[in-house]
Amino acid sequence: MDGLGAIFTTPPTLVTWVLIYIVVQRLAELVYANGNTKRLLSEGGEEFGADHYHWFIFLHSAWLAIIFLLVDPLRDLNPIMLGLFVGTQVLRVWTLASIGRWWTTRIISAPHFDRVKRGPYKYISHPNYLVVVLEIAIVPLLMGLPWVALVFSILNAVLLRHRIKVENEVLGQRGA
């Protein structure tokens, strides 16, 4: 590795393409989520838990920035870890396809909104959070940055504990 930020000065490798995929995927999700958020609010939805939302943006941005700065772009990727990452993406697509028009990065609810109970939602309450938990650990481990996986997994757990509590309270108000 050539040092801090070597990914920016090295010709693209598999590491580079995996990270580019993550950035593009996250940006596309934000565009989709923002469209859904605006529509849900216009249909009478109300946002809950906005006080902590900016912390998630900061956490995920810092997680990606640290990986980009510290990763060795010439690193060989462990096929098992890469397979686990691909598995999280399959779960992500299944989750988003199942929740569809209701999916957003914010907590938007109203008494007349349906509660999704298909796809992975038949089996677990918050499959998207499972995807994020797995990604925050798997991607840095895939990139040879175990301390990033540990630190950001702990920080994410703290935030998710609060968010899931808020979300469960909101869903409980809908008799879900």
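Our subject is the structure listed above.
Residues numbered from 1 in each chain as written. Predicted model: local features only at pLDDT ≥ 70, side-chain atom pairs only at ≥ 80, totals over all residues. Heavy atoms only, no water.

**A closer look at the overall build of the protein**
Link 1 in the chain: When helices and strands are counted, the protein shows five helices and two strands.
Link 2 in the chain: Going from N to C terminus, the protein has its helices and strands arranged as α-β-α-α-β-α-α.
Link 3 in the chain: A compact globule built from 176 residues would reach a C-alpha radius of gyration of about 16 Å, and the protein, at 17 Å, matches this within 12%.
Link 4 in the chain: In terms of overall dimensions, the protein has C-alpha extents of about 55 × 30 × 25 Å along its principal axes.
Link 5 in the chain: Sequence-distant contacts in the protein: of pairs separated by 6 or more residues, those separated by 24 or more amount to 86%.
Link 6 in the chain: The centroid of the 15 positive side-chain charges in the protein is displaced by 8 Å from the centroid of its 12 negative side-chain charges. (Helix = DSSP H or I, 4+ residues; strand = E, 2+ residues; numbered from the N terminus. Rg over C-alpha atoms; globule rule 2.2 N^0.38 Å. Contact = heavy atoms within 4.5 Å. Lys, Arg positive; Asp, Glu negative; His and termini not counted. Charge placed at Lys NZ, Arg CZ, Asp CG, Glu CD.)

**Some thoughts on the pattern of salt bridges**
Side-chain pairing between opposite charges can occur once the charged atoms of the two side chains come close.
Link 1 in the chain: Scanning all chains against the criterion turns up seven salt bridges.
Link 2 in the chain: In this structure, Glu43 engages Arg101 in a salt bridge whose closest nitrogen and oxygen atoms are separated by 2.7 Å. Residue Glu43 is found in the loop between helix 1 (14-42) and strand 1 (46-48), and its partner Arg101 is found in the loop between helix 3 (79-99) and strand 2 (107-109); the two are separated by 58 residues along the sequence.
Link 3 in the chain: What makes Arg101 partly exposed here is its relative accessible area of 34%.
Link 4 in the chain: Its salt-bridge partner being Arg92, residue Glu135 comes within 2.5 Å of it at the nearest N-O pair. You can see Glu135 sitting in helix 4 (residues 127-142) and its partner Arg92 sitting in helix 3, a full 43 residues away along the chain.
Link 5 in the chain: Given a relative accessible area of 3%, Arg92 falls into the buried group.
Link 6 in the chain: Within this structure, Arg26, Glu29, Arg92 and Glu135 form a network of salt bridges that share partners. (Salt bridge = Lys/Arg side-chain N within 4 Å of Asp/Glu carboxyl O. Buried < 20%, exposed > 50% of the residue type's maximum accessible area, 1.4 Å probe, protein only.)

**Thoughts on the packing of helix 4 against helix 5 (residues 146-173)**
Link 1 in the chain: Running from N to C, helix 4 and helix 5 point in directions that differ by 170 degrees, and their axes come no closer than 8 Å. The angle between helix 4 and helix 5 falls in the class roughly antiparallel. Residues Tyr129, Val132, Val133, Ile136, Ala137, Pro140 and Leu141 of helix 4 form the contact with helix 5, whose participating residues are Pro146, Val148, Ala149, Phe152, Ser153, Asn156, Leu160, Arg163, Ile164 and Glu167.
Link 2 in the chain: The residue inventory of the contact of helix 4 with helix 5, partitioned by class, reads 13 nonpolar, two polar and two charged. (Axes fitted to C-alpha atoms, helices over the stretch in contact; angles between N-to-C directions. Parallel < 35°, antiparallel > 145°, perpendicular 65-115°, else oblique. Nonpolar A, V, L, I, M, F, W, Y, C, P; charged D, E, K, R; others polar.)

**A look at helix 4**
Link 1 in the chain: Under the 1.5 Å per step criterion, the end-to-end length of helix 4 is 22 Å for 16 residues, consistent within 8% with the ideal 22 Å.
Link 2 in the chain: Largest kink in helix 4: about 25 degrees, centred on Glu135.
Link 3 in the chain: Considered for burial, the residues of helix 4 that qualify are Pro127, Asn128, Tyr129, Val131, Val132, Glu135, Ile136, Ile138, Val139, Pro140 and Leu142.
Link 4 in the chain: If you follow the buried residues of helix 4, they end up packed against helix 1, helix 2 (50-70), helix 3 and helix 5.
Link 5 in the chain: Gly144 sits one or two positions beyond helix 4 and adopts a positive phi of about 75 degrees. (Expected span 1.5 Å × (residues − 1). Bend = angle between axes of the 7 residues up to and from the residue.)

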